[in-house]
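Chain residues, written in single-letter form:
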Amino acid sequence: MSFDRSIKIAPSILSADFADFGREIQAIEAQGADWVHVDVMDGHFVPNITFGPPAVAAFRKHVKTVMDVHIMISPVDAYIDAFAAAGTDILTPHVEAGPHIHRTLQAIRGAGMKAGVALNPGTPAEAVAHLLDLTDLICVMTVNPGFGGQKFIDMTAKIRSLRAMIGDRPIHIEIDGGITTQTAPLVAAAGADVLVAGSAVFKGGSVTNPAAYGENIRAIRAAAEAAR
């Protein structure tokens, strides 16, 4: 993966048709998705259960771009090698998920993946200040994690703080939660470059009507780029 700060749209397949993931992934990529975002939830760290490493491995067969795996689980370290074996490109645990996030990020990179770190809405930017040299991506949650389709929580001040903190380091700022054509400009103007969108991408479309996915992706991208 090469690094750049262009706007990237990462549709969350949590909003896709669960009975047809392979074709859904192919459809969003064909319609302009830059990354494919996979939300892993354990029913413990967050109040929902979604996918594990076997499902991620199955998705990998269809992903041709970047597979961006956000793990909302605790503990994390015992599963790092399994997600690496499944073909994950970027693995993003939460800073709140355990007491040794520094070691976790080292282990993710040691397993050959890019290392992300996610921040819940109530967690300040300063929580990752001493992790920047081990981090390839910071995911700012703009909803409380656990479910798709939630209302956006304004975290633009936190995003601006992170962007200043990052400086020239090659670290992406990803936003996850409530991204639409209305909220994308807010976070892009504050310094974000990766926008996760679920319902806003998949609404109105299907594998038999994928053009709607493309229209949605282009609209979010255009709204974000216009604000930079």
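Keep in mind the model is a prediction, meaning the values are calculated, not measured. (Residues numbered from 1 in each chain as written. Predicted model: local features only at pLDDT ≥ 70, side-chain atom pairs only at ≥ 80, totals over all residues. Heavy atoms only, no water.)

A.B. asks: Whenever I open this one, the sheet that holds strand S2 (residues 35-41) confuses me. Can you help?
C.D. replies: For sheets, the rule is that strands pair by backbone hydrogen bonds, running either parallel or antiparallel. Here eight strands make up an open sheet; going across it, the order is S1-S8-S7-S6-S5-S4-S3-S2 and the pairing parallel. Of all strands in the sheet, those with a lone pairing partner are strand S1 (8-11) and S2, marking the two edges. Each adjacent strand pair in this sheet contributes to an overall mean axis angle of 25°, direction not counted. Examined bridge by bridge, S2 and strand S3 (residues 66-72) share seven bridges and lie parallel to one another. What sits directly across from His37, in S3, is Asp68. With respect to the sheet, helix H4 (residues 101-110) is in contact with strand S4 (90-92) and strand S5 (114-119), its orientation differing from that of S5 by roughly 145°. (Pairing = 2+ DSSP bridges. Helix = DSSP H or I, 4+ residues; strand = E, 2+ residues; numbered from the N terminus. Axes fitted to C-alpha atoms, helices over the stretch in contact; angles between N-to-C directions. Contact = heavy atoms within 4.5 Å.)

A.B. asks: For this particular structure, what's the right way to read the pairing of strand S7 (residues 172-176)?
C.D. replies: Every regular strand shows the same layout, with side chains that alternate between the two sheet faces. Burial runs high along S7: five of the five residues are buried. Residues of S7 alternate between two faces, with His172, Glu174 and Asp176 on one and Ile173 and Ile175 on the opposite face, all of them buried. With helix H5 (residues 156-166) bridging strand S6 (residues 137-141) and the parallel S7, this β-α-β connection has right-handed handedness. Taken together, the three bridges between S7 and strand S8 (residues 194-197) define a ladder with parallel strand orientation. Note that in S8 the partner of Glu174 across the bridge is Val194. Once you follow S7 into helix H6 (residues 184-190) and on to S8, the crossover reads as right-handed. (Buried < 20%, exposed > 50% of the residue type's maximum accessible area, 1.4 Å probe, protein only. Right-handed = clockwise from strand over helix to strand, strands pointing away.)

A.B. asks: Just checking my understanding: could you explain the layout of surface pockets for this structure?
C.D. replies: Which parts of space are left empty comes out when a probe the size of a water molecule is rolled across the atoms. One number sums up the size of the largest pocket: a volume of about 280 Å³. Residue lining of the largest pocket: 24 residues in total, with Gly148, Gly149, Asp176, Gly177 and Gly178 positioned closest to the centre. Where the lining of the largest pocket is concerned, the elements lending two or more residues are S2, S8 and helix H7 (199-202). Among the residues forming the lining of the largest pocket, the class breakdown is eleven nonpolar, eleven polar and two charged. (1 Å grid on protein atoms, 1.4 Å probe; cavity = no way out; pocket = protein on both sides within 12 Å on 5 of 7 lines; lining within 4 Å. Points joined across faces, edges and corners; volume = space filled by probe spheres on them. Nonpolar A, V, L, I, M, F, W, Y, C, P; charged D, E, K, R; others polar.)

A.B. asks: When you look at the nonpolar core in this model, what are you seeing that I'm missing?
C.D. replies: For soluble globular proteins, the rule of thumb is that nonpolar side chains tend to be buried together. Formed by 68 residues in total, the largest nonpolar core has its most connected members in Ile13, Val38, Val69, Ile138, Ile175, Leu195 and Ile220. Residue contacts for Ile138: discarding those within four places in its chain leaves Val117, Leu119, Val128, Leu132, Leu162, Ile166, Ile171, His172, Ile173 and Glu174. Val66, Ala118, Leu137 and Val196 belong to the second-largest nonpolar core, a separate cluster that totals eleven residues. (Core = buried A, V, L, I, M, F, W, Y, C linked by side-chain atoms within 4.5 Å.)

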